[in-house]
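Commentary on secondary and tertiary structure
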Amino acid sequence: MKIAIIHSIYKPQTRGGAEIVVETIVNGLQKRGHEVFVITAGYDNKIEEIDNIKVHQVKHFNLFNFFDLGKKPVWQRLIWHIIDMFNDVQTWRVFKILNTEKPDLVITNSLKGIGYEIPKLLKLLKIRHVHIIHDMQLLHPSGLLPDKDNFSWFESIYWFFCRSLFGSPDLVVFPSLYIKNIYGRFKFFKNSKLEVIGNPLPPETKFEIRHQFKVGQKITFAFVGQVEEYKGIIDLIKGINDVGGDWQLLIAGEGAALREAKKLSLDNKKIKFFGRLNSQELEQKIWSETDILINPSRVPESFGMSVIEAYARGIPVLA
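What you see is a predicted model; the values in this text were computed from it and never measured.

Summarising burial for strand β2 (residues 35-42): seven of the eight residues are buried, a large majority. Relative to β2, strand β1 (residues 2-6) runs parallel, the two sharing five bridges. What sits directly across from Lys2, in β2, is Glu35. Summarising the sheet, β2 and strand β4 (residues 53-59) pair through six bridges and their orientation is parallel. The residue bridging Ala41 from the neighbouring strand is Val58, located in β4.

Next up on the list: the pattern of salt bridges. Evaluated as defined, the whole model comprises 14 salt bridges. One salt bridge connects Glu35 with Lys2, and the closest N-O pair in it is separated by 3.8 Å. Placement of Glu35 in strand β2 and of Lys2 in strand β1 is noted, with a sequence separation of 33 residues between them. Of the residues examined, Glu35 reaches a relative accessible area of 47% and is grouped as partly exposed. Residue Arg313 pairs with Glu283 through a salt bridge whose shortest N-O separation is 2.8 Å. Here Arg313, found in the loop between α10 (305-312) and β13 (317-318), pairs with Glu283, found in helix α9 (residues 279-287); they are 30 residues apart in sequence, far enough to count as distant. The exposure class assigned to Arg313 is buried, which follows from its relative accessible area of 3%. Each of the salt bridges in this network shares a partner with another, and the network as a whole consists of Lys2, Glu35, Lys54 and Glu101.

What counts and what doesn't
Here, residues in each chain are numbered from 1, in the same order as that chain's written sequence. pLDDT decides what is reported in this predicted model: residues at 70 or higher carry local features, side-chain atom pairs at 80 or more are listed and counted, and totals for whole chains, interfaces and linings draw on all residues regardless. Heavy atoms throughout the structure, all of them, feed into the side-chain values; hydrogens and water do not. Per-residue accessibility, obtained with a 1.4 Å probe over protein chains only, is compared with the maximum for each type, and a residue is labelled buried under 20%, exposed over 50%, and partly exposed between these values. A run of H or I in DSSP becomes a helix once it reaches four residues, and a run of E becomes a strand once it reaches two; helices and strands are each numbered from the N terminus. Pairs of strands are assigned from DSSP output, requiring at least two bridges between the strands. One side-chain nitrogen of Lys or Arg within 4 Å of one carboxyl oxygen of Asp or Glu is enough to make a salt bridge.

In short, the description is geometric, and any link to function would need to be established separately.
Now the structure itself:
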């Protein structure tokens, strides 16, 4: 079967767990004998071959590139999101790719930066469509669920149009029952088949059972993920600075809160920063040393990849 995978971010651009999941799905489908290609956001309209996968990059047609979204002021982001939702130019570019490649199946993930009219395009082209939910992005532009249901007028209009634009793909896959129920509460995907399938671990994951650590020995904590304030990293550093005993905290990841996190840790040599690490580096520098993973997220998580990666290695989790 020829399968198209559409996701906003793909190698060499990576950010968080969703990108790891998409890459794992791409590689898994290819190993099963399917012909797979990727459509993703890019700085130019071009085709690259990455790890034997054909990757179509779609250039932005908006105020600025999707990858620069977090650096812009709120009023510019507001206009950007409106253009992105009804972006006929980028939808036309995707149509030309699909018309050339002629896939049997399209699996969409995050469409931010590519265009929210793609589901309607797939229905017009009569191509089977599976959509995979990774976060709350169709409810809120940031992908994060606001406190309770206190949506602003813009946010309410945003999820109303998202619900209309996405319609009912043939199949919608959720990583957890929790996020499936949230989308159900907002009446998304009324006529779609809905499935809950946990996110896959990368194939190179080493499964093991750890020996229990002994009371009194040095404890190594780890934080693995995007270094953003909403992930709770600032709360974690402020809290752990006052903890006595023999311990260290390993922090792997990058993000907007990295500078503040390092500033708060200047006087504490027990806290070490590693930046973004690939899977092999994570295995050597983080997972092999970790006794307890700490996941202090301040927002609802749809499916924490670092949590199940810790579970696979027999590492207990404090969440």
